[in-house]
Amino acid sequence: MGNQLTMGVDMNPADILEGLKPKAPLGGGKGRLLKSLHCTSEDGDVVCKMFLKTNEADDHMLDNHARRLARCELSLKEQKRRNPDKPSNVCFYTLYKNVPSSRSEMKAAFVVRTFFKHSLQERIMTRPFLTTETKLWLSYQLLRAVDEMHAAHVPHGDLKVANVMVTSLGWLYVTDMAPFKPSHLSNPADFSYFFDTAENRHCTLAPERFVMEEHLLTEKLTEPVTERMDVFGAGCAIAQLFLGGEVLFKLDQLLAYKKGEYDASERLKEKIDDPTTVDMIMLMLERDPAKRPTALQVIEKYTNTVFPKYYSEFHGNVIGPLVALSPDKRIASLNSRLPEIIEYVKSGCETEAEEKEVVRGAVIILATVLCGTIRHCLISGNKVVCLQAMMTISPYAGDDCNLHTLLSYAITMARDRSPLVRATAVKTVAKTVQNIESFPPGEASLFDDYIVPAITPLATDRSVLVKATLAENLPEIAFHARRFLETRQLLPQAETSVPFNEGYDSDLKRLQDLFEELVRLLVMGGEVSPWITRGFLSDITKFCVFFGRQRTNNFIIPTLTISVLFLNAPDFQVRRDLHKQLVGIAVYVGPTFLSYILPCIKEGLMDIEEIVVHEALNSLSKLSSLGMLDRKALVDLSEVVVPLLLHPSNWIRSGALEFFSSMDGQLSQVDTICFVLPMIKPFLKYTIPDLKKETLEAALIPPITRTAFDNAIKDGSANTIMETIASSPRATAMGSPKSHHTKVLSDISDLPSADDGGTEVGSEPSPKAESMKLQLVRKYIEALVKTASRYKEDALRIGQKDDDKLLPKDFKITVRQQVSQARDQQLLPTLQDLEFSMDEMDSSKTGCPRLHKIKPTPRQRKRMELKSVALERRSQSSASSSPIRQRETQGYSILRQVRPTQNLICQAEEHTATVTDIAVHDTGPIFLTSSIDTYVRLWDLRSLDHDYALVSHTGYCDTTTQHGKASPVLSLAMLTAGKNAAACGTAAGSFTIFCLETGVVLHGLSLADGKAGAIGSLQRMNKNDVVAAGTHCGYICGVDCRMQSEAFCLKAAREHGPITSIVVGDEHGRESWVVSATINGHVTLWDLRFGMAIRTWQLNEPIHKLSLNGPDPVVLIGTSEVQRWSLESLRQVASYKTSNTEPLPGATAEGYSGVVDAVSAHKGHSIRAICGSRDATWFTTGGTDRKIRYWDSENIGKSYVVSGMDPGQPPYKYTSSTVSEVNVVKEESQGEGTIPAQHGLRTPQHQHKDCVTALSMLRPSQGFCSLPVLISASRDGCVKLWQSASSKPPEKN
């Protein structure tokens, strides 16, 4: 069948079979008989094995082999037809063909089969390494495959680990049947040619296949391979499987084994602990083929000894049917049957140890199926189901499976696109590490090297669900991280390279630093959510154990206090969860924590939510029972708790009784009589001798009714409700309440009790009695009313989240100082929840296209109600408008009366490349700058009060890549003042919303299905945070930043070129239009109501910037001059021309946004930045001549150059004339001038040294400046701030 000449012949399967495309050779191209190629086809990847012919004499023999393969295929198909439900472990050839030499230039025969990623030989050497249970399962499947082949009378002929394939599900297939190879050999050269593909002399052929040359008859060559020959090959494969990849026989060893000169059992006994498994393998390797059993006989003999009895059920009814299903259906089917499967495996086990061992083996098989399926699921819900199934089987899986299989796949799923999958993956990681009891020494650094780096990105995840889940499970992960570290110290010295206790302190500190950073990111970084705080509080005691007492005092307790904001969080569940964890922290930290606990508990007792009061009482009772409260603390707390004995809630009264009962063993009898009993006496019907719960409960007077209690809180005080009761006719007849406390006590003591039959069940209580009880708890009700009003104010600020302000990131001062400083600072409110539904947009009111109406959720409806109440209260106040509106109005009115001066306030050069855009905050002295250097920097001018250097506070760096490099940020848009966030657009086309405080990405969006291209301009459209984006591919997209979706998408004509700038109607939404400009000079006016272009006109030069100016809809177009166009008449009304100044070299060849076009190669000066406003008639410009100009459209003579004039140069003269109904304003030079001589220190020059690329005006801000500030930026990355003055022109110098 060929000769050595085939080695040098080039192969291309496409020459003989259309549709096959070779990818790579297999086996290193060492095959002597057949050449194997990995190819692609329409049906997927395949393996093509080719035999190249050198003469026509081989055709007859190859035709015979092709017919034989056809018979084998037919037999296997017939067997499958008879047993359709029986799973198969055999993969036969899908195509075999002999191309006659006369019909093709390439003389070859070939066979094609399905491609598999891993053979058994490769799987043995791949992590995670096979466990004993997995090896037994694969051995069982191999025997089933041999039995299946021979049941169909199909021999294999070359059974070895290289011809056995294993899928990711752990399902085994036998491939590459070789019935065309000789069944008997006499020459070692024949073995090398037909069977030694890898040229390593490994041999798995049965001994009887080797015969002496004189005994080799012609008939022997044509005898088929018997089943017992394949059983011997299967035995060699199983032996190699258990030997960890080591081959059992080489050719010389096999020949010696045939003669009885080599004993293979010794090697097996050294590596295999189970003697029964060794006996099974040696039986399959029996020299005498007559004594060698068939595959079915091996299975039957060794079931219940080597193979568990459930293997048969798993193979035929559990795993086998799952292999044929799609990944999503496979998960659903397995998850529904999982409890049933585990119960079936447990049945028949006599002892607990046997049950544990058997279930572990079965679960390992199921874990392989789950982990091999989860990566291929298309539905996120099925991935979640799969992770939940992994958590279910984790307690049974054993340490090795948990460590190397379940944990690895769970961490991989933590990078999934679905937030629900990522959150479930975090739970799976925590559950898995919890079930790992022992581990090899090499896995001791598992957490700091693998787990923590993998879950750290989740701390800044965009989804609150993911961060809350991570916060909930982080204490569990940290606890077991320390357990792993401590367990490594207990390992014998011979098993680990780290001596006992050497390096433990440094390793623990490194771990604690990693988890401390995680906690900071979760609790105080980015968006603050009560769900994250509740997750952090869920198991805080394990965190205390992990960090130790010192770090708990220095880090956990301050973080805990700040995260709950001294229990001022509007979410009562946060306060409830805090009180649940206080006792555990106190027990671990000790009495020093009481200074933090007691104020929290006292405030919890005054909480408006009764569940919080109940948990606070439980905490007090436990602390008292543990003896952690001293005598003074118990007496002080008794005074706070005693009014709760009359609380209408049974749970709260029971908690108060429990607290006093716990004091019975902590205080002496003298202290009880002298301090505690006098406090309780007014609430009792008679005097009691001790504080036992039964005694105290029996002596209590009836509690206040729920109606009276609620009315007292609702009306504002206890006095109000008592006055109401006293004014009622029944109360008047009975008499008014006594004003003196002693008289009240005596009257209450005379009241009949329910036990005496004085009050019938269900009867209306006496108003006098209720009034007297309310008088007893008057201080408590007044404190409760204050608490309720405070929480109501907090609830009214949910939309603005004033309490979620920036806090210092270091904890070198006390917690109370930190919180007070954070409240005193006038920092921006944090970002609102951007994930609520978009309000209905009506085109008649907003001017924008009507999108869709989404029914608000109960939470959204509650928020809307609270906001309406807040607005109503503001309107009823003495001030006519809010402070924010006052500042805005002041800024708008003063903007018309000011002009920028030549006085430079400060400058900064932190950017290393062109500054592309500037975005200013609505109300605060804060602005952003973006740059080609991929950074967005935040500048807070309040720092200038104590430091004259302008330094950025935070920065956001875009990680999107373009052509292998970080993507430049081209445009910015600040969201509304109530949201601490901004949006940016990059050259890679990514639209990103990030937090101003931290720079953390909140949301990301791909515009126009990824076809938008670079985002060159962003403009906020209205108060609902719809941002319009103009892109270089001609798209204008409206992005709803709350819904993270596109509100509209318009497409300009391709021939117009890239969009460089856009402007929109006023931000109140009264005007629904957008104007776009392109680098080719096209200007288009779009009507958003109908989503269409109204008019497009073209200028003769590229346009770099647009801006609005004046109260009328007028747009300024920046080219080599500034053109003023009216959007009402759609005609040019003015033109502003600069003097003939040579541009900066290199400034006109390429725009700062990276857009290059033939029409932009003009050599003249061009306007690159315009700063105009709808609230003023003047505007400023900047461009390639490095000058900043002030243009006054109402009084042209008052125009001047703000920056860029040479020393001694006379000011420009500005004249106007009318040409074709267009007011043309010209800037004229008045001579070169002379440079005055300067002595001593030379006055520094303030002008820009490069092309001015961005301009913006920062409005006045309370507490910083009373006049606007002009911000300019240039191509060299420099940012400058210019002072403004009144309308009086500045002096020219």
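A. View of the packing of helix 3 (residues 132–151) against helix 13 (residues 352–374). Remark: helix 3 packs on helix 13, axes separated minimally by 9 Å, with the N-to-C direction vectors making an angle of 70 degrees. The angle between helix 3 and helix 13 falls in the class roughly perpendicular. Crossing hand, helix 3 versus helix 13: right-handed. Residue-level contacts link Glu133, Thr134 and Trp137 of helix 3 to Glu357, Arg360, Gly361, Ile364 and Ile365 of helix 13. Taken together, the residues of the contact of helix 3 with helix 13 break down into three nonpolar, two polar and three charged.

B. Region of the structure containing the nonpolar core. Judged by nonpolar contacts, the single largest core of 232 residues is most densely connected at Phe249, Phe314, Phe447, Phe515, Phe543 and Phe660. If sequence neighbours within four positions are ignored, phenylalanine 249 has contacts with His202, Cys203, Phe232, Cys236, Leu254, Tyr257, Tyr262, Ala264 and Leu285. Judged by nonpolar contacts, the second largest core, of 19 residues, contains Phe991, Leu1007, Ala1012 and Leu1018.

C. Summary view of the side chain of aspartate 671. With respect to the helices, strands and loops of the structure, aspartate 671 is situated in helix 27 (residues 669–680). The buried category is assigned to aspartate 671, whose relative accessible area is 12%. The residues contacting aspartate 671, other than those within four sequence positions of it, are Arg631 and Val676.

D. Spatial organisation of the packing of aromatic side chains. Within the structure shown, the criterion is met by 31 aromatic pairs. For the pair phenylalanine 191 and phenylalanine 210, a centre-to-centre distance of 6.3 Å together with 50 degrees between the ring planes defines the contact as tilted. Placement of the pair is phenylalanine 191 in helix 4 (residues 188–194) and phenylalanine 210 in the loop between helix 4 and helix 5 (218–222), with a sequence separation of 19 residues. In this structure, phenylalanine 191 and phenylalanine 210 share a single accessibility class: buried. By way of ring pairs, the aromatic residues Trp137, Tyr140, Trp171, Phe307, Tyr310, Tyr311 and Phe314 are connected into one cluster. Over the ring of tyrosine 935 we find arginine 937; its NZ or CZ atom is 4.9 Å from the centre of that ring. For the cation-ring pair, lysine 1051 lies above tyrosine 1035, with the distance from its terminal atom to the ring centre recorded as 5.2 Å.

E. Quick look at helix 23 (residues 594–605). The first and last C-alpha atoms of helix 23 sit 16 Å apart over 12 residues, in line with the 16 Å expected at 1.5 Å per residue. Every buried residue of helix 23 is accounted for by Leu594, Ile597, Leu598, Cys600, Ile601, Gly604 and Leu605.

F. The arrangement of the side chain of histidine 184 in detail. Mapped onto the elements, histidine 184 comes out in the loop between strand 8 (172–174) and helix 4. A relative accessible area of 3% places histidine 184 in the buried class. A polar contact is formed between the side chain of histidine 184 and the side chain of serine 183, at a distance of 2.9 Å.

G. Structural view of unusual backbone geometry. For the peptide bond that leads from arginine 127 to proline 128, omega is -10 degrees, which places it in the cis range. Within the fold, proline 128 resides in the loop between helix 2 (120–124) and helix 3. Even without being glycine, threonine 934 reaches a positive phi, approximately 75 degrees. Among the structural elements, threonine 934 can be located in the loop between strand 11 (926–931) and strand 12 (935–940). Relative accessible area serves as the criterion here: at 8%, threonine 934 is assigned to the buried category. Phi is positive for leucine 1130, which is not a glycine, with a value near 55 degrees. Within the secondary structure, leucine 1130 sits in the loop between strand 30 (1122–1126) and strand 31 (1131–1137).

H. View of the pattern of salt bridges. Here the structure, examined in full by the defined rule, presents 43 salt bridges. Residue aspartate 176 is joined to arginine 113 by a salt bridge in which the shortest nitrogen-to-oxygen separation is 2.7 Å. Within this pair, whereas aspartate 176 is found in the loop between strand 8 and helix 4, its partner arginine 113 is found in strand 5 (residues 108–114), the two being separated by 63 residues in sequence. Its relative accessible area of 8% is what places aspartate 176 among the buried residues. In this structure, arginine 1189 engages aspartate 1185 in a salt bridge whose closest nitrogen and oxygen atoms are separated by 2.8 Å.

I. How the structure looks around the sheet that holds strand 24 (residues 1059–1064). The strand order across the open sheet formed by four strands is 24-25-26-27, and the pairing between neighbours is antiparallel. Each of the sheet's edge strands pairs with one partner strand only, and the pair in question is strand 24 and strand 27 (1092–1098). Each adjacent strand pair in this sheet contributes to an overall mean axis angle of 20 degrees, direction not counted. Here five bridges tie strand 24 to strand 25 (residues 1073–1078), and the two strands are oriented antiparallel to one another. Across the sheet, isoleucine 1062 pairs through a bridge with serine 1076, a residue of strand 25.

Rules and cut-offs
Residues numbered from 1 in each chain as written. Predicted model: local features only at pLDDT ≥ 70, side-chain atom pairs only at ≥ 80, totals over all residues. Heavy atoms only, no water. Axes fitted to C-alpha atoms, helices over the stretch in contact; angles between N-to-C directions. Helix = DSSP H or I, 4+ residues; strand = E, 2+ residues; numbered from the N terminus. Parallel < 35°, antiparallel > 145°, perpendicular 65-115°, else oblique. Left-handed = near helix turned anticlockwise from the far one by under 90°. Contact = heavy atoms within 4.5 Å. Nonpolar A, V, L, I, M, F, W, Y, C, P; charged D, E, K, R; others polar. Core = buried A, V, L, I, M, F, W, Y, C linked by side-chain atoms within 4.5 Å. Buried < 20%, exposed > 50% of the residue type's maximum accessible area, 1.4 Å probe, protein only. Phe/Tyr/Trp six-rings, centres within 6.5 Å; stacked < 30°, edge-to-face > 60°. Lys NZ or Arg CZ within 6 Å of the ring centre and 35° of its normal. Expected span 1.5 Å × (residues − 1). Polar contact = N/O pair within 3.5 Å; in protein donor to acceptor, adjacent residues only side chain to side chain. Salt bridge = Lys/Arg side-chain N within 4 Å of Asp/Glu carboxyl O. Pairing = 2+ DSSP bridges.

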